[in-house]
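Report on the structure
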Amino acid sequence: MPGHKSGTTMSPADLVAYLVGWNELVLSWFEQRARGEEPEFPAPGFRWNQLGDLAQKFYGD
């Protein structure tokens with residue numbers, strides 16, 4: 001199926017990795033806020049216009 005980044009494809013395993021990656025990321029935002037820290041959105045080293053690259057990271061993780 002089409003991947004989250006232009007010109008890429010993803011497997012069913014990649015889709016699961018993507019969903020797990022986002023869930024872990026959102027939970028980390030809550031944990032950081034609970035400690036009084038401000039999370040780096042959407043993730044350290046990524047900007048909102050780089051979500052395809054973030055998806056690729058989730059696949060690799």
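Here, every reference points to the structure presented above.
Here goes a summary of the coordinates provided. If you're wondering where the values come from, they're calculated on a predicted model, not measured in any experiment. Think of each chain on its own: its residues are numbered from 1, step by step along the sequence as written. Two thresholds apply to this predicted model, a pLDDT of at least 70 for residue-level local features and 80 or more for giving and counting side-chain atom pairs, whereas whole-chain, interface and lining totals are computed over all residues. With hydrogens and water excluded, all non-hydrogen atoms of the structure serve as input to the side-chain values.

Let us now look at the pattern of salt bridges. By convention in these notes, a salt bridge is any Lys or Arg side-chain nitrogen within 4 Å of a carboxyl oxygen on Asp or Glu. Summed over all chains, the structure comprises 4 salt bridges. With a closest N to O distance of 2.5 Å, Asp53 and Lys5 form a salt bridge. Note that Asp53 is positioned in helix 2 (residues 51-60) and Lys5 in the segment before helix 1 (12-34), a separation of 48 residues in sequence. Residue classification places Asp53 among the partly exposed residues on the basis of a relative accessible area of 30%. Lys5 sits in the partly exposed class, given a relative accessible area of 36%. Strands here are runs of E lasting at least two residues and helices are runs of H or I lasting at least four, both read from the DSSP assignment and numbered beginning at the N terminus. Only protein chains enter the calculation, and the probe is 1.4 Å; a residue is then buried if its accessible area is under 20% of its type maximum, exposed if over 50%, and partly exposed in between.

Take unusual backbone geometry next. Cis geometry marks the peptide bond from Phe41 to Pro42, where omega comes out at -5°. When you line up the elements, Pro42 lands in the loop between helix 1 and helix 2.

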